[in-house]
Amino acid sequence: MSFLELAGIQKSFGPVQVVKDFDMTIEKGEFVSFLGPSGCGKTTILRMIAGFETPSAGTVIINGRNQNELKPNQRNIGMVFQAYALFPNMTVHDNVAFGLKIAGMEKSAVDARVKEMLGLIHLGHLADRFPYQMSGGQQQRVALARALAPKPQVLLLDEPLSALDAKIRVSLREEIRAIQQQLGITTVFVTHDQEEALSISDRIVVMNGGRADQIGTPFDIYNKPATRFVASFVGTLNMIEARVADPATNRITIGDQGITLREPLGSTLKAGDKLSLALRPEAGSIAEGAKGDTALTGTVVSSNFLGSVIRTRMKVGDAVISFDMFNAPGLTPPAVGEVATLRFTASDLLIIRE
Ligand SMILES: Nc1ncnc2c1ncn2[C@@H]1O[C@H](COP(=O)(O)OP(=O)(O)OP(=O)(O)O)[C@@H](O)[C@H]1O
Ligand SMILES: [Mg+2]
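Residues numbered from 1 in each chain as written. Chains lettered and ligands numbered in written order. Predicted model: local features only at pLDDT ≥ 70, side-chain atom pairs only at ≥ 80, totals over all residues. Heavy atoms only, no water.

Trainee: Is there a simple way to think about the side chain of Thr91 in this case?
Mentor: Tracing the backbone through its elements, the reader meets Thr91 in the loop between strand E6 (77-80) and helix H2 (92-102). What makes Thr91 buried here is its relative accessible area of 13%. At 3.1 Å, the side chain of Thr91 and the backbone nitrogen of Asp94 are in polar contact. (Helix = DSSP H or I, 4+ residues; strand = E, 2+ residues; numbered from the N terminus. Buried < 20%, exposed > 50% of the residue type's maximum accessible area, 1.4 Å probe, protein only. Polar contact = N/O pair within 3.5 Å; in protein donor to acceptor, adjacent residues only side chain to side chain.)

Trainee: I would appreciate a short explanation of helix H4 (residues 136-148) in the present structure.
Mentor: Turn by turn, an α-helix covers 3.6 residues, leaving residues three or four places apart pointing in a common direction. Helix length check: H4, at 13 residues, gives a terminal C-alpha distance of 18 Å against a target of 18 Å (1.5 Å per residue), a fit within 8%. For H4, the complete set of buried residues consists of Gly136, Gly137, Gln139, Gln140, Arg141, Val142, Ala143, Leu144, Ala145, Arg146, Ala147 and Leu148. Of the surrounding secondary structure, the elements contacted by the buried residues of H4 are E6, H2, helix H3 (107-120), strand E7 (154-158) and helix H5 (166-183). (Expected span 1.5 Å × (residues − 1). Contact = heavy atoms within 4.5 Å.)

Trainee: Looking at this structure, I do not really get the domain arrangement of the protein chain. What am I missing?
Mentor: Quoted interface sizes are often the accessible area lost when the parts come together. The domains assigned to the protein chain are domain 1 (4-233) and domain 2 (238-352). Both faces combined, the contact of domain 1 with domain 2 buries some 630 Å², and carbon together with sulfur accounts for 50% of it. Together, Tyr222, Arg228 and Ala231 form the three largest contributors to the area buried by domain 1 at its contact with domain 2, with a combined 75%. Linking domain 1 to domain 2 there are zero salt bridges. Where domain 1 touches domain 2, the interface holds three residue pairs in polar contact (both at pLDDT 80 or more). Of the residues in the side of domain 1 that touches domain 2, the class split is four nonpolar, two polar and one charged. (Domains from an automatic or database assignment. Buried area = accessible area lost by both parts, 1.4 Å probe. Salt bridge = Lys/Arg side-chain N within 4 Å of Asp/Glu carboxyl O. Nonpolar A, V, L, I, M, F, W, Y, C, P; charged D, E, K, R; others polar.)

Trainee: What should I look at first to understand the site of ligand 1 in this one?
Mentor: Taken together, Phe13, Val18, Pro37, Ser38, Gly39, Cys40, Gly41, Lys42, Thr43, Thr44, Glu159 and His192 make up the full set of residues near ligand 1. Separating an oxygen atom of ligand 1 from a side-chain N or O atom of Lys42 is a distance of 2.8 Å. Contact distances for ligand 1 include 2.5 Å between an oxygen atom and a side-chain N or O atom of Thr44. Among the elements that take part in the shell around ligand 1, helix H1 (residues 42-50) stands out by supplying three residues, more than any other. Residues of the shell around ligand 1, tallied by class, amount to four nonpolar, six polar and two charged. (Near = heavy atom within 4 Å.)

Trainee: Please explain the side chain of Thr186 as it appears in this structure.
Mentor: Within the secondary structure, Thr186 sits in strand E8 (residues 186-191). In terms of polar contacts, Thr186 uses its side chain to reach the backbone amide nitrogen of Gly29, at 2.9 Å.

Trainee: What is the right way to read the sheet that holds strand E1 (residues 4-13) from this model?
Mentor: Across a sheet, strands are paired by hydrogen bonds formed along the backbone, either parallel or antiparallel in direction. Reading across from one edge, E2-E1-E4-E5 is the order of the four strands in this open sheet, with antiparallel pairing throughout. Since the sheet does not close on itself, it has two edges, and those belong to strand E2 (16-26) and strand E5 (65-66), each with one partner. Where H1 meets the sheet, its contacts fall on E1, E2 and strand E4 (57-62), and the angle it forms with E1 comes to roughly 120°. (Pairing = 2+ DSSP bridges. Axes fitted to C-alpha atoms, helices over the stretch in contact; angles between N-to-C directions.)

Trainee: I keep staring at the packing of H2 against H4 and nothing clicks. Help me out?
Mentor: When two helices pack together, you describe them by how their axes are tilted relative to each other and by the distance separating the axes. At a closest axis distance of 7 Å, the pairing of H2 and H4 adopts a crossing angle of 30°. The angle between the axes of H2 and H4 places the two elements in the roughly parallel class. Every pair of crossing elements has a handedness; the one defined by H2 and H4 is right-handed. Residues Val92, Asn95 and Val96 of H2 form the contact with H4, whose own contacting residues are Val142, Ala145 and Arg146. Of the residues that constitute the contact of H2 with H4, the class distribution is four nonpolar, one polar and one charged. (Parallel < 35°, antiparallel > 145°, perpendicular 65-115°, else oblique. Left-handed = near helix turned anticlockwise from the far one by under 90°.)

Shown next, in the form of structure tokens:
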């Protein structure tokens, strides 16, 4: 049996249904991210797991036990929020000790546990500081230590990094992942930052309007997006409108150029039907000697230097296709107006069906 189960979860606020038939199982020790745009129901699901919100239908099960009738403080769950929710009038030590004292732990055990937790987040030297005397990143590490101190069975993190600046965000997400793996704690992490979700998760749930569009490993979510929404939300993507030329041979056309797809077109498409294809910018290259069984010729409309890559846009029929080349010494970026041939592998073209 899975450690955390969300079965048939629905949530309505008045007439508005914000979570629709949500089903998912999470294994013990797994790190799962909920990724999706603002308002898609991520926080609401987290709050139902924690017990701050009651599902309109469905069950939350943790370690085989139905949680629906349990209050938040009976669920043994640790939570970290976006805003620094430390007690402002308490020191770091007292913040981390808070949950332990409430649980009735005796002072020497509390002190030992706080010391252990502050060691975990490398802030042992700041035990006597107050929250206002620390940076945002330090405060969030204390919030993490406070959440973990009572040894929760599940850790919930609601956009804990979104108020921090870019560099700290990256280092802290790696620290969170390392601590999570060290403790083996089952974790649900909410974010709307796709790079964050891709980089630290065992699995990602891509949410769209109260539903899960896709649940999968970062690799699968990125390389095999199940829907148009997932394809466009995760990573940069070219959406290319094409037409079916011959369904029997998987032949399609983009503008007036023919291509044979690797993925079968299926029996529902006929010659002349429209079709949406997706291609990642890193999948193609116009460099001399570029490899690939497929080619499209077009005219370069722009070329932007982005540092590590050069992103070039090329017009092929009515479609504009972006692709990236790694920066390298001696590289000559393509010139606007130049006619170029983009090579890629046919299997990199994904058919987007919904
Ligand atoms: N207590 C409430 N009463 C009424 N509507 C609510 C309540 N809480 C959330 N909602 C609505 O439910 C929807 C989902 O909200 P939720 O906070 O779960 O979104 P989210 O995915 O976490 O978004 P964000 O990325 O902006 O945090 C929103 O439309 C929100 O306005
Ligand atoms: Mg939210």
